[in-house]
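A structural walkthrough
So you can see what is in the structure, the chains are spelled out below.
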Amino acid sequence: MPASKATDFKLDIAADLNKWRAFIAIGELGSLTRAALFLDSNQSLLSRQINALERECGSRLFTRTGRGVELSEVGQRLFPQVMALLHDAEQLEVEIRGEVREPTGRVTLGLLPSISNPMVGRLFTEIRERHPAVRLKVLEGSSGQVEEWLTDARVDIAILYRYGSALPEQEEALATVDSYLVGPKGDPLTAAAEVPFSRLDELPFILPSAPNGLRTALDAVARHERITLAPVIEADSLPLQKSLVARERLYTVLPLHAVWTEVSEGHLQAARIADPPFQRTVAMAMAKSKGPARAVSAVASQITRIVAEMARQGMWRST
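Residues numbered from 1 in each chain as written. Predicted model: local features only at pLDDT ≥ 70, side-chain atom pairs only at ≥ 80, totals over all residues. Heavy atoms only, no water.

Re helix α3 (residues 43-57)
- In this model, α3 (15 residues) spans 21 Å end to end at C-alpha, consistent with the 21 Å of a helix rising 1.5 Å per residue.
- L46, Q49, I50, A52, L53 and E54 are the residues of α3 that are buried.
- A positive phi of about 70° marks G58, the residue just after α3. (Helix = DSSP H or I, 4+ residues; strand = E, 2+ residues; numbered from the N terminus. Expected span 1.5 Å × (residues − 1). Buried < 20%, exposed > 50% of the residue type's maximum accessible area, 1.4 Å probe, protein only.)

The following block contains the structure:
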């Protein structure tokens with residue numbers, strides 16, 4: 001039997017979910033500027049939306065600080081309820097669009113050049129075959145840039161190097177990577193399978209400039225081993241590093257997968273650094289994503305499979 005009357009919903013303040021989406025983004029990121037980047041909006045529009053919400057609520061939702069903004073007491077009470085409301089609305093959209101059956105939408109990746117080169121081609125091919133409705137956007141940059149994109153939620157997934165045994169919270173270790181001393185064709189030092197770290201003393205290096213994760217970690221080990229790293233030129237460009245090593249007979253330090261093709265073709269040589277080994281972890285970090293959740297999960301799963309396959313080929317070791 002039909003109901004005697006329709007459910008009487010009364011919506012006014014909660015009717016415009018876009019305003020509350022801005023409220024959540026600003027509350028999570030603590031900054032109008034970061035929230036504007038995350039929402040692909042502009043700061044003045046977000047400010048007007050929040051001002052309108054505060055007038056409708058009759059109370060301040062944020063407290064302005066020297067570092068940005070933070071939730072007021074009223075904002076803190078409303079935050080979990082608004083989060084639940086938006087989550088339910090998003091799930092409804094997912095079901096309406098049919099995402100429960102097939103992932104769809106754009107997923108943005110942030111990667112370092114040395115990881116991007118061997119991985120992105122495989123990822124594109126496999127995503128196109130398995131999930132044709134998913135589109136990839138790839139941003140390639142330095143470790144500092146990728147960290148910033150992750151913080152500002154400009155990327156959905158970031159693949160980074162981490163040095164040391166502990167990973168930041170919410171990150172997944174994908175592989176352990178040995179570092180190699182890379183030299184030119186015919187170089188006797190890199191002709192061996194391994195080279196002790198002490199042999200790096202005062203070699204003519206091309207290395208990335210500080211601040212850089214690799215450079216910071218290398219310098220720290222060099223100090224501990226009481227040797228001198230002597231870069232004759234600094235360059236952050238991976239192609240330039242490889243080119244000058246071959247042409248000017250310099251040295252650099254890279255993971256094997258970054259020079260896999262050049263070593264296989266005999267243009268460069270690489271010896272694993274040992275005694276002590278110099279290792280890093282390939283880690284995957286997920287942003288509080290603005291991308292479609294099922295599509296992001298599908299891409300993350302495919303990345304994990306590709307990393308395992310590359311480990312079987314000898315590029316690195318699975319964790």
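Re the environment of R162
- By the element assignment, R162 lies in strand β5 (residues 157-162).
- Take R162: its relative accessible area is 13%, and that puts it in the buried class.
- Put simply, R162 and A283 are 121 residues apart on the chain and 6.7 Å apart in space, counted from C-alpha to C-alpha.
- In contact with R162, other than residues within four places in its own chain, are E147, L167, P168, E171, R280, T281 and A283.
- Among the polar contacts listed, one links the side chain of R162 to the side chain of E147, at a separation of 2.4 Å.
- A distance of 2.7 Å separates a polar atom in the side chain of R162 from a polar atom in the side chain of E171. (Contact = heavy atoms within 4.5 Å. Polar contact = N/O pair within 3.5 Å; in protein donor to acceptor, adjacent residues only side chain to side chain.)

Some remarks on helix α5 (residues 113-130)
- The terminal C-alpha atoms of α5, which comprises 18 residues, lie 25 Å apart, in line with the 26 Å expected from a rise of 1.5 Å per residue.
- Approximately 45° is the largest bend angle found in α5, and it occurs at M119.
- Among all positions in α5, only S114, I115, S116, P118, M119, V120, L123, E126 and I127 are buried.
- Tucked into the core, α5 has its buried residues touching β3 (105-111), β4 (134-140), β5, α8 (238-248), β12 (279-286) and α10 (293-312). (Bend = angle between axes of the 7 residues up to and from the residue.)

Here we look at the nonpolar core
- I157, I159, V282, V299, I303 and W316 are the most contacted members of the largest nonpolar core, which totals 38 residues.
- When residues of this core are traced back to their parent elements, those giving at least two are β3, α5, β4, α6 (143-151), β5, β6 (171-184), β12 and α10.
- With 9 residues, α10 is the single largest residue contributor to this core. (Core = buried A, V, L, I, M, F, W, Y, C linked by side-chain atoms within 4.5 Å.)

Structural notes on the side chain of K19
- Counting through the fold element by element, K19 comes out in helix α1 (residues 17-29).
- Discounting chain neighbours no more than four positions away, the residues touching K19 are Q49, A52, L53 and E56.

Describing the pairing of strand β11 (residues 268-274)
- A large share of β11 lies buried, amounting to 6 of its 7 residues.
- Sheet topology places β6 next to β11; 5 bridges connect them, and they run antiparallel. Paired with G183 across the two strands is Q269, which belongs to β11.
- Alignment of strand β7 (residues 194-196) against β11, held across 3 bridges, turns out to be parallel. When the sheet's bridge partners are listed, P196 is paired in β11 with A274. (Pairing = 2+ DSSP bridges.)

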